[in-house]
Amino acid sequence: MLEVGIVGLPNSGKSTLFNTLLKKQVANVASYPFTTIEPNVGVVEVPDERLAKLASVINPEKIIPAVVKFIDIAGLVKNAHQGEGLGNQFLAKIREVDAVVQIIRAFKDESVSHYYGSIDPQRDKEIVDLELELGEIKKPTLYVVNVDDFGSDNGPDLVVNAKTGKGVDELIKKTYELLDLITFYTVKGNKEITAWSLKKGLTAFVAAEKVHTDMAKGFIKAEVIGFDDLVAAGSWLGAKSQGKVRLEGRDYLVKDGDVIEFKFNV
Ligand SMILES: Nc1nc2c(ncn2[C@@H]2O[C@H](COP(=O)(O)OP(=O)(O)OP(=O)(O)O)[C@@H](O)[C@H]2O)c(=O)[nH]1
Ligand SMILES: [Mg+2]
C-alpha cells in the first residue's frame, strides 16, 4: 500500500491532521484489519462519489473504498538532516514514504508555541523544504496550509483546518492524485463493491493481482465497463445484454473508473 508522510515543523498540526483523517472514516463501511498499525500509522479511506452511485445501481451489502496509508512523522526543525531535534527518526521514517504532505502553520494561537517564535508560513515552508532537500528526500509534495480562517488569501496551496476537518476530503483526493493513482472497481456477486487504487498505466493483469494473486495466476479475461456506461445501463446484466461490457485481455491498460469482473481458473 502506498504511503504518505505528514511532515512539518513541531506544532504545525501534523498529529491533529492525522487524527482528523482517521476520524473521517465512514464507520458503517469496511472494517479494515490493522487500520491503525502503529500509534502514528493509519489507513484512510478515499472519498469517492462514484462509489455511492455504483451502490445505487448494484445495491450491494458492502461498499469498500480505496485506501491510502498516512504516517504522522515527528516534527522537524532546521538542521534535522544533521540530527537536530528528532532529526534522525524523522529522516528514517520519511525515506520510506511515497509522497509527502507538508503541513504549514498559519493558525494563530497564543497557547501553542511556535519553534521560531512567530507565525510565518513562507519562512516555515522554506525551512522544511531545505531540510528535505539536504536530507536528499525527493518525493512529490503537497503543500497544505493549516488555518483557522478560510477567508484570508492563502495563495496556491491547499487550505485545511486540521482541527475541524474542513478541507480534509480535498486533501485526501489531492494526495491520491499526487501518488499518481487511478481507481477501478470490482463487484463480487452483487454483494460487495470494492474500489481499488492502481498506479496509472498498469494492466488488467496487475489489477487482478491486486485483488487476489489467484486471479492473476489463473487469469483468463477481464469483463470491463466504464463507470458512466454502467450507471447509464442501470445494472451489470443490463449493460451486458446491451453489449456494453467488453472483454479484455491481460495486457489491457486499466482506466480510471473501470468496473471489472475478472474471469480466472483456480
Ligand atoms: N487553533 C488551531 N490549533 C491547532 C490547529 N491544528 C493544530 N492545533 C493545535 O496545535 C497544537 C499542536 O498540534 P499537533 O497536532 O500536536 O502538532 P504537531 O505538528 O503534531 O507537533 P509535533 O508532534 O510536536 O511535531 C495542539 O494544541 C493543537 O490543538 C488548528 O488548525 N487551529
Ligand atoms: Mg505530532
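Basis of the calculations
Residues numbered from 1 in each chain as written. Chains lettered and ligands numbered in written order. Predicted model: local features only at pLDDT ≥ 70, side-chain atom pairs only at ≥ 80, totals over all residues. Helix = DSSP H or I, 4+ residues; strand = E, 2+ residues; numbered from the N terminus. Buried ≥ 20, exposed ≤ 12 C-beta atoms within 10 Å, placed from the backbone. Domains from an automatic or database assignment. Contact = placed C-beta atoms within 7 Å. Nonpolar A, V, L, I, M, F, W, Y, C, P; charged D, E, K, R; others polar. Near = placed C-beta within 6 Å. Arc of directions from axis to C-beta. Pairing = 2+ DSSP bridges. Core = buried A, V, L, I, M, F, W, Y, C linked by C-beta atoms within 7 Å. Axes fitted to C-alpha atoms, helices over the stretch in contact; angles between N-to-C directions. pLDDT = per-residue confidence, 0-100.

Engineer: Sorry if this is basic, but what is going on with unusual backbone geometry here?
Structural biologist: Glycine aside, a negative phi is what most residues show, and trans is what most peptide bonds show. The backbone of Asn-11 shows a phi angle near 60 degrees, a positive value even though the residue is not glycine. When you line up the elements, Asn-11 lands in the loop between strand S1 (3-7) and helix H1 (14-23). When the 16 C-beta atoms within 10 Å are taken as the criterion, Asn-11 is described as partly exposed. With a phi angle near 65 degrees, Asp-180 is a residue other than glycine that sits in the positive phi range. When you line up the elements, Asp-180 lands in the loop between helix H5 (168-178) and strand S9 (181-188).

Engineer: When you look at the domain arrangement of the protein in this model, what are you seeing that I'm missing?
Structural biologist: As assigned here, the protein comprises domain 1 (3-178) and domain 2 (201-264). Each of domain 1 and domain 2 has a C-alpha centre, and the two are 33 Å apart. With four residues of domain 1 at the contact, the number on the domain 2 side is seven residues. Broken down by class, the residue content of the side of domain 1 that touches domain 2 amounts to two nonpolar, no polar and two charged.

Engineer: Looking at this structure, I do not really get the site of ligand 1. What am I missing?
Structural biologist: Taken together, 17 residues form the shell around ligand 1, and within it Gly-13, Lys-14, Ser-15, Thr-16 and Gly-75 come nearest. Per-element accounting of the shell around ligand 1 gives the leading share, three residues, to H1. In terms of residue class, the shell around ligand 1 is made up of four nonpolar, nine polar and four charged.

Engineer: Could you clarify how one ought to interpret helix H3 (residues 87-94) in this entry?
Structural biologist: Along an α-helix, residues three or four apart share an orientation, since each turn contains 3.6 residues. Within the span of H3, buried status applies to Phe-90, Leu-91 and Ile-94. Down the axis, H3 shows its buried residues gathered within 95 degrees of arc, on one side only. Against S1 lie the buried residues of H3.

Engineer: Is there a simple way to think about the pairing of strand S13 (residues 258-264) in this case?
Structural biologist: Successive residues of a regular strand alternate their side chains across the two faces of the sheet. Where S9 lies against S13, two bridges are found, and the strand directions are parallel. Of the residues in S13, the one forming a bridge with Tyr-185 is Val-259. Pairing analysis gives seven bridges linking strand S11 (residues 219-226) to S13, with the strands arranged antiparallel. Paired with Lys-221 across the two strands is Lys-263, which belongs to S13.

Engineer: Quick question: what am I supposed to make of the environment of Thr-164 here?
Structural biologist: Counting through the fold element by element, Thr-164 comes out in the loop between strand S8 (158-160) and H5. Overall, Thr-164 belongs to the exposed group, with 11 C-beta atoms counted inside 10 Å. Distance in space between the C-alpha atoms of Thr-164 and Trp-196 is 28 Å, their sequence separation being 32 residues.

Engineer: Help me understand the nonpolar core in this model?
Structural biologist: Nonpolar side chains tend to gather and get buried jointly when the protein is soluble and globular. In terms of nonpolar packing, the biggest core is built from 66 residues, with Ile-6, Phe-70, Phe-184 and Ala-207 touching the most fellow members. Split by domain, the residues of this core number at least three in each of domain 1 (3-178) and domain 2 (201-264).

Engineer: In this structure, what is going on with the sheet that holds strand S10 (residues 192-199)? I would like to understand it.
Structural biologist: Whether parallel or antiparallel, the strands of a sheet pair through hydrogen bonds between backbone atoms. If you trace the six strands from one edge of the open sheet to the other, you get S4-S10-S9-S13-S11-S12, paired in mixed fashion. Single-partner strands in this sheet number two, and they are strand S4 (62-64) and strand S12 (246-248). Adjacent strand axes in the sheet meet at a mean angle of 30 degrees, parallel and antiparallel pairs treated alike. In this sheet, S12 lies alongside S11 in antiparallel orientation, the contact comprising three bridges. Looking at S12, one finds that Ala-222 is bridged to Glu-248. In the packing of helix H2 (residues 49-58) onto the sheet, the strands contacted are S4, S9 and S10, and the crossing angle to S10 comes to about 145 degrees. This element, helix H6 (residues 204-211), spans S9, S10, S11, S12 and S13 of the sheet and lies at about 125 degrees to S10.

Engineer: Help me understand the confidence of the model for the protein, please; the structure alone is not making it clear to me.
Structural biologist: Low pLDDT means the predicted coordinates in that region are not meant to be read closely. Of the residues in the protein, 93% reach a pLDDT of 70 or more, and the chain-wide mean stands at 89. Here residues 33-37 is a poorly scored stretch, pLDDT under 50, and it has four contacts once near neighbours within four places are set aside; other chains count.

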